[in-house]
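Residues per chain are reported as follows:
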Amino acid sequence: MADKKARLTVDGLEEVIELPVYSGTEGPDVIDVRPLTSSGLFTYDPGFVSTAACESKITYIDGANGILLHGGYPIEQLAEHSDYLEVCYLLLNGELPTPEQKETFINTIKNHTMVHEQMRNFFNGFRRDAHPMAIMVGVVGALSAFYHDSLDINDAHHREVCAYRLIAKMPTIAAMCYKYSIGQPFMYPKNGLDYAENFLQMMFGNPCEEYVANPIIAKAMDRIFLLHADHEQNASTSTVRLAGSSGANPFACISSGIAALWGPAHGGANEAVLTMLEEIGDESNIDEFILRAKDPDDNFRLMGFGHRVYRNFDPRAKVMKQTCDEVLAELNISDPLLKIAKRLEQIALEDEYFVKRKLYPNVDFYSGIILKAIGIPTNMFTVIFALSRTIGWISHWSEFHSSPNKIGRPRQLYTGSKKRDYPTK
Ligand code: CMC
């Protein structure tokens with residue numbers, strides 16, 4: 001696999017260290033630094049800015065050119081021609097399904113949409129005003145207490161069943177989190193509906209009336225799921241892989257991914273965008289917030305701007321922006337927050353500070369606005385991201401366990417006290 005070599009000389013070391021260099025199917029070459037340990041050296045890369053932690057075939061991102069591929073297919077094409085469950089199949093299997101495979105896959109997912117009836121009791125332990133992400137972390141972790149029959153991580157069939165269960169049950173659990181917070185009865189899944197319609201009926205339906213989802217909104221919901229489905233080795237996916245590397249059960253691993261996603265620098269950004277727009281309140285206050293974002297002594301950042309990997313437009317944001325316009329037109333909404341968002345976007349795209357640092361609007365900038373228009377409360381935004389990203393997490397977890405692997409165990413640059421004796425007087 002290594003067709004090239006890198007040679008490293010280190011002051012004080014006589015030997016020249018030879019390191020294999022690998023080429024992937026796309027993207028930059030990768031230097032294999034594993035031989036360094038035999039010379040007593042480690043690499044140092046806080047934030048994993050220059051480190052590939054694994055080999056993967058699932059998703060590719062070219063941040064400089066704004067490209068995102070799942071199984072080789074560009075995200076824009078998947079958003080236009082495919083749907084969320086088909087992308088789930090693609091991420092799990094590496095290939096698009098045939099029509100028969102797709103039908104079988106959808107029917108299998110439908111067989112798993114209900115959660116164990118006893119899981120309802122878990123919700124009663126939470127305060128009504130609990131953040132739904134707090135409930136989600138707990139309830140998803142608790143799935144491991146209910147589905148013992150598929151927990152052998154070395155069995156490919158068990159891994160597959162876990163993936164089906166998670167894809168199917170996440171919308172049910174997400175909607176239960178919402179219903180619990182507003183004091184309404186939980187809605188059972190309806191398997192006659194498609195994935196997004198079913199989620200919307202569990203969120204907005206009630207047992208007293210028939211709920212029929214607006215097709216434009218159901219399509220937008222499916223697109224939000226699809227655009228968030230996977231994003232290679234981001235913080236939460238890396239967390240799931242690392243947790244999985246110890247042999248922990250899949251539900252516990254996904255729960256760790258949900259926890260990592262929650263932070264405002266990651267999935268929590270969609271909620272933070274809305275909070276920020278509300279805080280700005282009026283177009284006349286934008287300049288003040290821009291100044292704060294540029295001030296190195298102020299921790300404030302423009303939420304929904306910037307990305308570790310994309311140094312060009314986030315391709316998901318382009319599709320999301322278009323969906324945002326469709327939804328707002330369909331619902332005939334003229335949201336003052338949207339005006340602030342549009343102005344903010346325009347200023348940031350022209351301002352030297354943002355241009356120089358290549359800080360473009362990311363996917364979360366627009367998804368928050370769509371979710372708000374659909375009527376989803378702000379504190380559910382990151383839950384919806386978690387629901388959508390579950391397929392990415394479980395696909396990476398499964399890929400990790402499908403080949404020989406090692407527990408993840410980073411090293412450190414130690415800068416604490418040297419060895420010293422405990423004071424005895
Ligand atoms: N507003 C103002 N300045 C920013 C922002 C921002 N949103 N993002 C980065 N910068 C500045 C930063 O201060 C630094 O400036 P300088 O070079 O003068 O010190 C420079 O840009 C580089 O930033 P960084 O912190 O080194 O970049 P990073 O790759 O470590 O961080 C990020 C990436 C996404 C965490 C960051 O851009 C950010 O905090 N954005 C806001 C939160 C957000 O929208 N997150 C969602 C990401 S997309 C969805 C997902 O993947 O979950």
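Attention in this report is confined to the structure presented alongside it.

About the cut-offs
Every chain is numbered on its own, with residues counted from 1 as its sequence reads. Where local features are concerned, this predicted model is filtered to residues with pLDDT of at least 70; where side-chain atom pairs are given and counted, the filter is 80 or more; whole-chain, interface and lining totals use all residues. Computation of side-chain values: all heavy atoms of the structure, hydrogens and water removed. Where helices and strands are cited, they refer to DSSP runs of H or I of at least four residues and of E of at least two residues respectively, numbered from the N terminus. Among the buried residues, those of types Ala, Val, Leu, Ile, Met, Phe, Trp, Tyr and Cys that are joined through side-chain atoms within 4.5 Å form a nonpolar core. Accessibility here uses a 1.4 Å probe with only protein chains present; expressed as a share of the type maximum, an area under 20% marks a residue as buried, one over 50% as exposed, and anything in between as partly exposed. Here a residue-residue contact requires only that any non-hydrogen atoms of the pair lie within 4.5 Å. Lining residues are defined by having an atom within 4 Å of a point belonging to a cavity or pocket. Those points lie on a 1 Å grid over the protein atoms alone, cavities being sets where a 1.4 Å probe fits but cannot get out and pockets being open sets with protein on both sides within 12 Å along at least five of seven lines. Grid points are joined across faces, edges and corners, and a volume is the space filled by probe spheres set on the points. The cutoff for a nearby residue is simple: one of its non-hydrogen atoms must lie within 4 Å of the molecule or strand. Pairing of N or O atoms within 3.5 Å defines a polar contact, subject to two protein rules: one partner must be a possible hydrogen donor and the other a possible acceptor, and residues neighboring in sequence count only if both atoms are side-chain atoms. Values of accessible area rely on a 1.4 Å probe in the Shrake-Rupley scheme; residue burial ignores everything except the protein chains shown. Just so you know the grouping, Ala, Val, Leu, Ile, Met, Phe, Trp, Tyr, Cys and Pro go in nonpolar, Asp, Glu, Lys and Arg go in charged, and all remaining residues, Gly too, go in polar. Two rings belonging to Phe, Tyr or Trp (six-membered ring only in the last case) form a pair when the distance between their centres is within 6.5 Å. Interplanar angles under 30 degrees mark stacking, angles over 60 mark edge-to-face geometry, and anything in between is tilted. In our convention, an over-ring charge means Lys NZ or Arg CZ found within 6 Å of a ring centre and within 35 degrees of that ring's normal. Orientation is described by lines fitted to C-alpha atoms, with helices fitted over the stretch in contact, and by angles between N-to-C directions that extend from 0 to 180 degrees. An angle below 35 degrees is read as roughly parallel, one above 145 as roughly antiparallel, one from 65 to 115 as roughly perpendicular, and any other as oblique. Less than a right angle of anticlockwise turn of the near helix away from the far helix marks a crossing as left-handed, whereas a clockwise turn marks it as right-handed. Salt bridges are defined by distance alone: a side-chain nitrogen of Lys or Arg within 4 Å of a carboxyl oxygen of Asp or Glu. The span one expects for a helix is its residue count, reduced by one, times 1.5 Å. Any two strands with at least two DSSP-identified bridges between them are counted as paired.

## Concerning the environment of Ala174
Among the secondary structure elements, Ala174 is positioned in helix α6 (residues 156-182). Between the alpha carbons of Ala174 and His131 there is a distance of 12 Å; along the sequence they are 43 residues apart.

## Topic: the nonpolar core
Considering soluble globular proteins, one finds that nonpolar side chains tend to be buried as a cluster. Membership of the largest hydrophobic core comes to 116 residues, with the highest contact counts inside it found for Met221, Leu277, Leu302 and Leu344. No other element matches the 14 residues that α6 contributes to this core. Dropping the residues within four chain positions of it, Leu277 is found in contact with Leu337, Ile340, Ala341, Leu344 and Ile369. By size, the runner-up hydrophobic cluster in this structure holds five residues, among which are Ala6, Ile17, Leu19 and Val21.

## So, the layout of surface pockets
In this model, the second largest pocket occupies a volume close to 410 Å³. Together, 21 residues line the second largest pocket, and Leu91, Leu92, Asn93, Gly94 and Ser398 are the ones closest to its centre. Contributions of two or more residues to the lining of the second largest pocket are made by α2 (84-93), α3 (99-110), α6 and α17 (381-401). The element contributing the most residues to the lining of the second largest pocket is α2, with five residues.

## A closer look at the site of the ligand
Taken together, 21 residues sit near the ligand, with His266, Arg301, Leu302, Gly304 and Arg308 positioned nearest. Note that an oxygen atom of the ligand is positioned 2.6 Å from one of the side-chain N or O atoms of His266. One of the side-chain N or O atoms of Arg301 is found 2.8 Å from an oxygen atom in the ligand. Within the complex, the protein chains bury 74% of what would otherwise be the 950 Å² of accessible surface of the ligand. Here the shell around the ligand is composed, by residue class, of ten nonpolar, six polar and five charged.

## Section: the side chain of His158
Relative to the assigned elements, His158 resides in helix α6. By relative accessible area, which is 18% here, His158 ends up buried. The contact partners of His158, leaving out residues within four places of it in the chain, are Asp149, Ser150, Leu151 and Asp152.

## So, the packing of aromatic side chains
Pairs of aromatic rings are described using the distance from one ring centre to the other and the angle between the two planes. In this structure the tally under the stated criterion is 17 aromatic pairs. Each ring, one from Phe199 and one from Phe225, has its centre 5.7 Å from the other, and the planes form 65°; the classification is edge-to-face. Taken together, the residues Phe199 in helix α7 (residues 195-204) and Phe225 in helix α8 (residues 215-227) connect sequence positions 26 residues apart. With relative accessibility at 0%, the residue Phe199 sits in the buried group. Ring centres of Phe305 and Phe365 lie 5.0 Å apart, and the angle between their planes is 65°; on these two criteria the pair is classed as edge-to-face. In this pair, Phe305 sits in the loop between α12 (286-294) and α13 (315-330) while Phe365 sits in helix α16 (residues 363-374), placing the two residues 60 residues apart along the sequence. Of the two residues, Phe305 and Phe365, both sit in the buried class. Members of the aromatic cluster, connected to one another through ring pairs, are Phe305, Tyr353, Phe354, Phe365 and Tyr366. If you follow Arg128 out to its NZ or CZ, it ends over the ring of Tyr180, 4.1 Å from the centre.

## Looking at empty space enclosed by the protein
Counted by the stated rule, this structure contains two cavities of 30 Å³ or more. As a volume, the largest cavity reaches approximately 70 Å³. Lining of the largest cavity is provided by Met114, Val115, His116, Glu117, Arg120, Thr172, Met176, Phe186, Met187, Tyr188 and Pro189. Here the lining of the largest cavity is composed, by residue class, of seven nonpolar, two polar and two charged.

## As for the packing of α13 against α16
Close contact between α13 and α16 brings their axes to 8 Å; oriented N to C, the two are set at 20°. Of the possible angle classes, the one that applies to α13 and α16 is roughly parallel. Crossing handedness for the pair α13 and α16: left-handed. Here α13 contributes Arg316, Ala317, Met320, Lys321, Thr323, Cys324, Val327 and Leu328 to the contact with α16, which in turn contributes Val363, Tyr366, Ser367, Ile369, Ile370, Ala373 and Ile374.

## Some points on the pattern of salt bridges
The full count for this structure, using the stated rule, is 16 salt bridges. A salt bridge links Arg120 to Glu117; its shortest N-O distance comes to 3.6 Å. Look at Arg120 and you get partly exposed, because its relative accessible area is 24%. On the basis of relative accessibility, which here comes to 42%, the residue Glu117 falls in the partly exposed class. Here Asp325 ties to Lys342 by a salt bridge, and the two come within 3.7 Å at their closest N and O atoms. On the criterion of sequence distance, the pair formed by Asp325 in helix α13 and Lys342 in helix α14 (residues 336-350) is long-range, its members being 17 residues apart. If you follow the salt bridges from partner to partner, you end up with Asp83, Glu86 and Lys102 in one network.

## A closer look at the packing of α2 against α3
At a minimum axis separation of 10 Å, α2 and α3 run at an interaxial angle of 100°. It follows that α2 is roughly perpendicular to α3 by the angle criterion. Between α2, through Leu85, Glu86, Cys88, Tyr89 and Leu92, and α3, the contact on the second element is made entirely by Gln101, Lys102, Phe105 and Ile106.

## Details of α13
End to end, α13 covers 23 Å across 16 residues, agreeing with the expected 22 Å (1.5 Å per residue, within 8%). All buried positions along α13 are accounted for by Pro315, Arg316, Ala317, Val319, Met320, Thr323, Cys324, Val327 and Leu328. At its buried positions, α13 is contacted by β5 (67-70), α1 (75-81), α8, α14, α16 and α17.

## Comments concerning the pairing of strand β2 (residues 17-22)
Burial within β2 is extensive, with five of its six residues counted as buried. Bridge analysis of β2 against strand β3 (residues 30-31) gives two bridges, and the strand direction is antiparallel. Directly across from Tyr22, in β3, lies its bridge partner Val30.

All quantities given are derived from atomic positions and should not be read as evidence of function.
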